[in-house]
Amino acid sequence: MRARITHAKYVLMWTQAKAPSLAEMEAMAHEVFERLPKTFRTLCEGVIIRVDDFPTDEVLDEMQAQSEFDLLGLFQGIGLPQQSHGDVARLPNMIWLYRRPILDYWAEHEETLGHIVRHVLIHEIGHHFGLSDADMEAIEAAAG
């Protein structure tokens, strides 16, 4: 039997809806990460996942972004192929997800927010593995 949503419940549902906070989106990203295959997660040991509203001005300049909405995520650090056991102490690898650009993208597309967060997170993990944007586009195209 299908549940019937009354007009009042429907209006209430939308008047109480809100975009996830930074903490809620970070929890979503960690939940998505925990659902990835264990072998995949093991290769990401030590990678820190963070969510911020927007990239910093320095990141925008470095990435030659035209708008603060141009970047949905970013990998910062030394990818696995470039790491060696003789490395001196370095900052941990980090994956940044940018909440406001992700929410903006979500508002303009037919994908669920969870799907977008998963896609951006996996894309940035791909950079941790040493893959370029072109590499990942080719993999996605081959996968269908």
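The coordinates are above.
Just so you know, these numbers come straight off a predicted model, no measurement behind them.

Asker: Tell me what's going on with the pattern of salt bridges, and back it up with residues and numbers.
Answerer: Using the criterion set out here, one finds five salt bridges in the structure. Of the charged contacts, one joins Glu31 and Arg35 as a salt bridge, the two residues approaching to 3.2 Å between their closest N and O atoms. The exposure class assigned to Glu31 is partly exposed, which follows from its relative accessible area of 48%. Judged by its relative accessible area of 60%, Arg35 falls in the exposed class. The salt bridge partner of Arg99 is Asp53, with a shortest N-O separation of 2.7 Å. Of this pair, Arg99 sits in helix α5 (residues 99-108) while Asp53 sits in the loop between β1 (48-52) and α4 (57-62), and the two are 46 residues apart along the sequence. Taking relative accessible area as the criterion, Arg99 reaches 14% and is therefore assigned buried.

Asker: I'd love a proper account of α5, names of residues and values included.
Answerer: When α5 is considered as a whole, its buried residues turn out to be Arg99, Pro101, Ile102 and Leu103. Against the buried residues of α5 lie α2 (22-34), β1, β3 (94-98) and α6 (113-128).

Asker: Explain the nonpolar core to me, and be specific about the residues and the numbers.
Answerer: One finds Leu97 and Val117 to be the most contacted residues of the largest nonpolar core, which totals 20 residues. For this core, the secondary-structure elements that each account for two or more residues are α2, β1, β3, α5 and α6. Looking at which element gives the most residues to this core, the answer is α6, with six residues. Excluding anything up to four places from it in sequence, Val117 contacts Met25, Met28, Ala29, Val32, Leu97 and Ile102. Counting residues in hydrophobic clusters, the runner-up holds seven residues, among them Leu71, Leu74, Met94 and Trp96.

Asker: Explain the sheet that holds β1 to me, and be specific about the residues and the numbers.
Answerer: Taken together, the three strands give an open sheet; going across it, the order is β1-β3-β2, and neighbouring strands pair in mixed fashion. Each end of this open sheet is capped by a strand with a single partner; those strands are β1 and β2 (73-76). Each adjacent strand pair in this sheet contributes to an overall mean axis angle of 20°, direction not counted. Here β2 runs beside β3; their pairing, made up of four bridges, is antiparallel. Bridging from a neighbouring strand, Gly73 pairs with Leu97 of β3. Running over the sheet, α5 touches β1 and β3 and is turned about 50° from β3.

Asker: How would you summarise the layout of surface pockets if you had to cite specific residues and measurements?
Answerer: Considered as a void within the structure, the largest pocket measures approximately 400 Å³ in volume. Around the largest pocket, the lining comprises 18 residues; the ones closest to its centre are Gly73, His123, Glu124, His127 and Asp133. Taken together, the elements giving at least two residues each to the lining of the largest pocket come down to β2, α6 and α7 (133-143). Grouping the constituent residues of the lining of the largest pocket by class yields eight nonpolar, four polar and six charged. In this structure, the second largest pocket spans a volume of roughly 270 Å³. Lining the second largest pocket, in full, are Phe40, His115, Arg118, His119, Ile122, His123, Gly126, Phe129, Leu131, Met136, Ile139 and Glu140. Elements represented by at least two residues in the lining of the second largest pocket include exactly α6 and α7. Residue contributions to the lining of the second largest pocket peak at six residues, all from α6. Class assignment of the residues belonging to the lining of the second largest pocket gives a composition of six nonpolar, four polar and two charged.

Analysis parameters
Residues numbered from 1 in each chain as written. Predicted model: local features only at pLDDT ≥ 70, side-chain atom pairs only at ≥ 80, totals over all residues. Heavy atoms only, no water. Salt bridge = Lys/Arg side-chain N within 4 Å of Asp/Glu carboxyl O. Buried < 20%, exposed > 50% of the residue type's maximum accessible area, 1.4 Å probe, protein only. Helix = DSSP H or I, 4+ residues; strand = E, 2+ residues; numbered from the N terminus. Contact = heavy atoms within 4.5 Å. Core = buried A, V, L, I, M, F, W, Y, C linked by side-chain atoms within 4.5 Å. Pairing = 2+ DSSP bridges. Axes fitted to C-alpha atoms, helices over the stretch in contact; angles between N-to-C directions. 1 Å grid on protein atoms, 1.4 Å probe; cavity = no way out; pocket = protein on both sides within 12 Å on 5 of 7 lines; lining within 4 Å. Points joined across faces, edges and corners; volume = space filled by probe spheres on them. Nonpolar A, V, L, I, M, F, W, Y, C, P; charged D, E, K, R; others polar.

These figures capture arrangement, not role.
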